[in-house]
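Letter by letter, the chains look like this.
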Amino acid sequence: MATGGAAGDAPNASVSLSDQLRSASPEYLILVALAALGFLVLLRALSRFLRGIWCVFLRPGKNLSHYGKWAVVTGCTDGIGRGFALELARKKLSVVLISRNQTKLVELAQEIESKYKVETRVLAVDFTEGGELQSIIDRVEATLSDLDVGILINNVGLSYPHAQYLNELDVMLIGDLIRVNVEVTTRLTRSVIPGMLKKRRGAIVNVGSGAATVLPSDPLYAVYAGTKGFVDQFSRTLAVEYKQWGIDVQCQAPLYVATKMSKIRKSSLTCPSANVYARSALKAIGYESRVTPYWAHAIMWWIVASLPEQVMDTIRLKQNLGIRKKALNKHAQKKIGEKKSS
Ligand SMILES: NC(=O)c1ccc[n+]([C@@H]2O[C@H](COP(=O)([O-])OP(=O)(O)OC[C@H]3O[C@@H](n4cnc5c(N)ncnc54)[C@H](OP(=O)(O)O)[C@@H]3O)[C@@H](O)[C@H]2O)c1
Ligand SMILES: *[C@@H]1O[C@H](CO)[C@@H](O)[C@H](O)[C@H]1NC(C)=O
Ligand SMILES: *[C@@H]1O[C@H](CO)[C@@H](O)[C@H](O)[C@H]1NC(C)=O
């Protein structure tokens, strides 16, 4: 049982690692430990990077028909919701279209039916309408009662007219923001879960925002960011709650998308059109419980996460103060114009 180090005539060849370490200087040991640590950190970064590439660019989307025949989209007549409705229909799902304007709903339903040969059903509701939310929820539940609902896209959402301090914000708007972004999202989720539990299948996508999920803060949009923070944690928690029954809950947090809400008309690499955005959004359904599905947004998330919070806070405050100033100037000019013409 002669082990290394015992044979005196061949010292270097058979000295064991433990003997080498025992005789090494402390400086040498620290160096080795640091190198090992550095290697591990590098390995972790590399595996994250590769995983990111896989998720954003290569991973195929799930077959959404497996969840059920129907998908429900709220706030579907414009922007991201419209993108979702069209893309879901393109994937051969029948869609329930829920939004405010009956004329726009019927037009969209006709477009979808003739283009994609799937069924549609429309429901015109204004989620900010006064009175009990219960009566609106009842109408939605009645519309869905005889359908095999596989997917719910809680997309409808309100934001500020422009960046504002909390003390400048219309108090009525505060109520509407909380009602639409928080209450409606929660209640509609609650409405579809019993049916999904019965079939042990379903997907719920809650549209959050980079304002809460990606940025450390979104100054001058406090109530908006707060409601989207709710959507984020609500979704992550529900995802854990219902995974055991085959229901995939997910918060999708876009950064800027060219829509009426963002007031960005022209799409670009970092600000996709609603249709381009929706296509990547569908590919993410059923995977992580929080995602930003569009590739350039995912890169921006990675950059934001690697910056110190204070730096990002300062950049964002400056951006949003700029938006506020522009809006106030526009408002002032409009007033001058009105005075001149009267
Ligand atoms: N755009 C972005 O840059 C961005 C970024 C992050 C997160 N998001 C989130 O993405 C979601 C969609 O945003 P978007 O930019 O697509 O918005 P959008 O262009 O303003 O579209 C909103 C849609 O919701 C409907 N809607 C508005 N108020 C409603 C109400 N009270 N009752 C029923 N339906 C109502 C609108 O219908 P009408 O046609 O009748 O107005 C429209 O179809 C929101 O949750 C938003 O917070 C957007
Ligand atoms: C997806 O699943 C549905 C039903 O489960 C099936 O009919 C359809 O062929 C599938 N689509 C693809 C592209 O695999
Ligand atoms: C509904 O949409 C149509 C078509 O875009 C528009 O002409 C009409 O004014 C809208 N109705 C309301 C109440 O906003």
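Remember, predicted model here, so these are calculated numbers, not experimental data. (Residues numbered from 1 in each chain as written. Chains lettered and ligands numbered in written order. Predicted model: local features only at pLDDT ≥ 70, side-chain atom pairs only at ≥ 80, totals over all residues. Heavy atoms only, no water.)

So, the site of ligand 1
Put simply, the test is: Near residues are defined by distance, with any heavy atom within 4 Å of the molecule or strand qualifying the residue. Two N or O atoms form a polar contact when they lie within 3.5 Å of each other; inside protein one atom must be a possible hydrogen donor and the other a possible acceptor, and for residues adjacent in sequence the pair counts only when both atoms belong to side chains. Per-residue and other accessible areas follow the Shrake-Rupley method at a 1.4 Å probe size, with only the shown protein chains counted as cover for residues. Think of it this way: any DSSP run of H or I at least four residues long counts as a helix, any run of E at least two long counts as a strand, and we number them from the N terminus. Charged residues are taken to be Asp, Glu, Lys and Arg, nonpolar residues to be Ala, Val, Leu, Ile, Met, Phe, Trp, Tyr, Cys and Pro, and polar residues to be all remaining types, Gly included.
Lining the immediate surroundings of ligand 1 are 31 residues, of which Ile 80, Arg 100, Lys 104, Tyr 224 and Thr 259 lie closest. In the environment of ligand 1, an oxygen atom lies 2.5 Å from a nitrogen or oxygen atom belonging to the side chain of Lys 104. Here ligand 1 has 900 Å² of accessible area as a free molecule, and 95% of this is covered by the chains. At the level of elements, α4 (79-90) and α9 (222-242) are the ones that each hand at least two residues to the shell around ligand 1. Of the residues belonging to the shell around ligand 1, the class tally is 13 nonpolar, 12 polar and six charged.

As for the confidence of the model for the chain
Selection criterion: The predictor rates its confidence in each residue with pLDDT, a number between 0 and 100. Contact between two residues is taken to exist if any of their heavy atoms lie within 4.5 Å; hydrogens are not considered.
Of all residues in the chain, 96% attain a pLDDT of 70 or more, and the chain-wide mean is 94. Contacts of residues 1-8 to residues separated by more than four positions or lying in other chains number six contacts, the stretch itself having pLDDT below 50.

Details of α4
For an α-helix the count is 3.6 residues per turn, leaving residues at separations of three or four pointing the same way. Stated precisely, the cut-off is as follows: Expected helix span is taken as 1.5 Å per residue step, with the number of steps being one fewer than the number of residues. The cut-offs for exposure are 20% and 50% of the maximum accessible area for each residue type, with area from a 1.4 Å probe on protein chains only; residues under the lower value are buried, those over the upper are exposed, and the others partly exposed.
Over its 12 residues, α4 extends 17 Å from the first C-alpha to the last, a length consistent with the 16 Å expected when each residue adds 1.5 Å. Burial analysis of α4 places 10 of its 12 residues in the buried class, which makes it a mostly covered element. For α4, the full list of buried residues reads Gly 79, Ile 80, Gly 81, Gly 83, Phe 84, Ala 85, Leu 86, Glu 87, Leu 88 and Ala 89. Looking one or two residues beyond α4, the residue adopting positive phi is Lys 92, at roughly 75°.

A word on α9
In a regular helix each residue adds 1.5 Å, so 21 residues correspond to 30 Å; α9 covers 30 Å between its end C-alpha atoms and thus fits that length. Residues Val 223, Tyr 224, Ala 225, Thr 227, Lys 228, Val 231, Asp 232, Phe 234, Ser 235, Leu 238, Ala 239 and Tyr 242 constitute the buried set of α9. Turning to α9, the residues buried within the fold contact α7 (171-199), β5 (202-207), α8 (210-213), β6 (247-252) and β7 (290-291).

Considerations on the side chain of Asn 155
Relative to the helices and strands, Asn 155 is located in the loop between β4 (149-154) and α7. Look at Asn 155 and you get buried, because its relative accessible area is 10%. Leaving out residues up to four positions away in the same chain, Asn 155 has contacts with Thr 74, Gly 75, Ile 80, Gly 81 and Val 207.

Focus on the site of ligand 2
Residues in contact with ligand 2, as listed here, are Asn 63, Ser 65 and His 66. A distance of 2.4 Å is found between an oxygen atom of ligand 2 and a side-chain nitrogen or oxygen belonging to Asn 63. Here an oxygen atom of ligand 2 sits 3.0 Å away from a polar atom, N or O, in the side chain of His 66. Across the complex, the protein chains shield 26% of the 360 Å² of accessible surface that ligand 2 would expose by itself.

Things to note about the packing of aromatic side chains
Cut-off, in case you're wondering: The criterion for an aromatic pair is that two Phe, Tyr or Trp rings (for Trp, the six-membered ring) have centres within 6.5 Å, with stacked assigned to planes under 30 degrees apart, edge-to-face to planes over 60 apart and tilted to the rest. In our convention, an over-ring charge means Lys NZ or Arg CZ found within 6 Å of a ring centre and within 35 degrees of that ring's normal.
As enumerated under the stated definition, the model contains five aromatic pairs in all. Look at Phe 57 and Trp 295: their rings are 6.0 Å apart centre to centre, the planes differ by 40°, and that puts the pair in the tilted class. Residue Phe 57 is found in helix α3 (residues 26-58), and its partner Trp 295 is found in helix α11 (residues 295-306); the two are separated by 238 residues along the sequence. Residue Trp 295 is classed as partly exposed on the basis of its relative accessible area, which comes to 29%. Pairing Tyr 294 with Trp 295 gives two aromatic rings, centres 5.8 Å apart and planes at 50°, and the pair type is tilted. A network of ring pairs unites the aromatic residues Phe 57, Tyr 294 and Trp 295 as a single cluster. Positioned over the ring face of Tyr 287 is Arg 59, at 3.6 Å from the centre of the ring.

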